[in-house]
Amino acid sequence: MTHLYHDIELPGRKIPGNLFLAPIAGFSDAAFRSICIDKGASMGFTEMVSCDGLIYNSEKTVNLMQRAPNEEYFAVQVFTAKPEIALKSVPTVLRTNPDVIDLNCGCPVPKVVKNGAGSALMKDLPLLADVVSALVEGASASDASVPPAVSVKIRSGWDSGSLNYIEAAETAVKAGAAMVSLHSRTRVQGYSGKANWEHLKKLKEAVDVPVIGSGDLFSPEAAVLMLEQTGCDGLMFSRGSLGNPWIFEQTRALAEHRTPPTMPAEDEKILTALAHLELAAGFNGETKACREMKKHLCSYTKGNEGAAALRNRIVHSASLAEYREILKR
Ligand SMILES: Cc1cc2nc3c(=O)[nH]c(=O)nc-3n(C[C@H](O)[C@H](O)[C@H](O)COP(=O)(O)O)c2cc1C
């Protein structure tokens, strides 16, 4: 019997566990990744980091790669459509000693796509290959005993008429990618409509590297179903983890045929949100942390009794002291 929860084997290293936090722009920062690791995530991906920003040493860009002390394993996701910029950006990425450097081939945002990056790479596979090769070449200069693995995160295709995820993954693997994540929606779908898990199954049959599934993972049951139905090696939680880092330990328990821990009571959720805020303030400073915490808090308190009133009060909170006061009450 194959086990649903297991290590992910990469060249020369292994990640203990196959339940990842997805790259989520505006959300998967060091503070949230740290909270998720604490609750059982095997590894977290940074939000997408611009290779251009890295070579210009933009402080804002470099800060996206802050690594929390409890992140024993670490994946940095980058985006670019220029192989030479990819190569030049790697030394800055290597300073964080990552296990994985992941290339974003799925972002649908016009600002990214119009420069040929993100999901636009799905339309230019020779370029996708060149960017992967450049990252692999850059990673091979690492001082670490084993260079970080290079991986890609792709979509099913640009639109329903061009479902080229298998060709894209094969191209990336040939260029040196050691793992492929698939968000099984097209670029045209964005984040709506249903993800097509059949694509994951087909991809798993087609390539020899670990395949990580993404799309519509909103519960531990859905996660286990994805592992069972598609045979994918691991998965990454995205929207389903927001305000719900407990999804990692619950999924692991279910995958191991144990009774999952019950959802925490409202006060434990609030305490976790507060711990999240304190961590974020440590990484990004109080002002930014308080501003960005609003969206996380909406997720933590979703469905709670009195959540709307709580939200109304935190909208105006600008300091840790105000947050502490309101949340503790
Ligand atoms: C707000 C938001 C930001 C995202 N940012 C990124 C990103 O930076 N890089 C990336 O590869 N995918 C990004 N994604 C896609 C997710 O990683 C994931 O593939 C997608 O949400 C599908 O999973 P879900 O249906 O379980 O949410 C983002 C998704 C959302 C909703």
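Note that the coordinates shown come from a computational prediction; the quantities given were computed from them, not determined experimentally.

Draft legend 1. Structural view of the overall build of the protein. Helix and strand content of the protein: 14 helices and eleven strands. Expressed along its principal axes, the backbone C-alpha trace of the protein runs to roughly 55 × 50 × 40 Å. In the protein, which comprises 329 residues, the share counted as buried stands at 49%. Considering only contacts within the protein whose residues lie at least 6 apart along the sequence, 66% involve residues at least 24 apart.

Draft legend 2. Fine view of the UniProt feature "active site" (unreviewed entry) in the protein. Taking the UniProt record as the reference, the feature "active site" (unreviewed entry) is found at C107. Looking at where C107 falls in the secondary structure, it is placed in the loop between strand 7 (100-105) and helix 5 (110-113). On the neighbour-count criterion, C107 (22 C-beta atoms within 10 Å) is buried. Residues within four places of C107 in sequence aside, it is in contact with M48, F79, V112, G118 and S119.

Draft legend 3. Structural context of the packing of helix 7 (residues 165-174) against helix 8 (residues 197-206). At their nearest, the axes of helix 7 and helix 8 sit 10 Å apart, and the two run at 35 degrees to each other. Crossing of helix 7 against helix 8: the hand is right-handed. For the pair helix 7 and helix 8, contact is made by Y165, I166, A169 and E170 and by H199, K202, L203 and A206, respectively. Looking at the contact of helix 7 with helix 8, its residues break down into five nonpolar, one polar and two charged.

Draft legend 4. Seen up close, the UniProt feature "binding site: FMN" (unreviewed entry) in the protein. Using the residue numbers shown here, the UniProt feature "binding site: FMN" (unreviewed entry) corresponds to Q77, K153, H183, S238 and R239. The topology assignment puts H183 in strand 9 (residues 179-186). Taking the number of C-beta atoms within 10 Å as the measure of exposure, H183 has 28 and is therefore buried. In contact with H183, not counting residues within four places along its chain, are G106, K153, R155, S214 and G215. Along the polypeptide, R239 turns up in the loop between strand 11 (234-237) and helix 10 (247-255).

Draft legend 5. The site of the ligand, seen in detail. Around the ligand, the structure places 22 residues, and the nearest of them are A22, M48, H183, S238 and R239. In terms of residue class, the shell around the ligand is built from nine nonpolar, nine polar and four charged.

Draft legend 6. How the structure looks around helix 8. Looking at helix 8, one finds that the buried residues are H199, L200 and L203. Looking straight down helix 8, one finds its buried side chains confined to an arc of 100 degrees; they lie on one side. For helix 8, the exposed residues lying more than 90 degrees away from the buried face are E198 and E205.

Draft legend 7. Highlighting the environment of N284. Relative to the helices and strands, N284 resides in helix 11 (residues 266-284). Residues N284 and A31, 253 residues apart in the sequence, show an inter-C-alpha distance of 9.1 Å.

Draft legend 8. Quick look at the domain arrangement of the protein. Examined at the domain level, the protein breaks down into domain 1 (8-255) and domain 2 (266-328). Its C-alpha centre places domain 1 at a distance of 28 Å from the equivalent point of domain 2. Tallying the contact residues gives nine residues for domain 1 and ten residues for domain 2. Of the residues assigned to the side of domain 1 that touches domain 2, the class counts are five nonpolar, three polar and one charged.

Draft legend 9. Structural context of the nonpolar core. One finds V132, L135, A172, A177 and V180 to be the most contacted residues of the largest nonpolar core, which totals 100 residues. Both of domain 1 (8-255) and domain 2 (266-328) provide at least three residues apiece to this core. When residues no more than four places from it in sequence are discounted, the contact partners of V132 are L103, V150, V152, A172, A175, G176 and A177.

Draft legend 10. Highlighting the environment of L10. In this structure, L10 sits in strand 1 (residues 8-10). Exposure remark for L10: the 19 C-beta atoms within 10 Å place this residue in the partly exposed category.

Definitions and cut-offs
Residues numbered from 1 in each chain as written. Predicted model: local features only at pLDDT ≥ 70, side-chain atom pairs only at ≥ 80, totals over all residues. Helix = DSSP H or I, 4+ residues; strand = E, 2+ residues; numbered from the N terminus. Buried ≥ 20, exposed ≤ 12 C-beta atoms within 10 Å, placed from the backbone. Contact = placed C-beta atoms within 7 Å. UniProt positions renumbered as here; feature names shortened; annotations may be inferred. Axes fitted to C-alpha atoms, helices over the stretch in contact; angles between N-to-C directions. Left-handed = near helix turned anticlockwise from the far one by under 90°. Nonpolar A, V, L, I, M, F, W, Y, C, P; charged D, E, K, R; others polar. Near = placed C-beta within 6 Å. Arc of directions from axis to C-beta. Domains from an automatic or database assignment. Core = buried A, V, L, I, M, F, W, Y, C linked by C-beta atoms within 7 Å.

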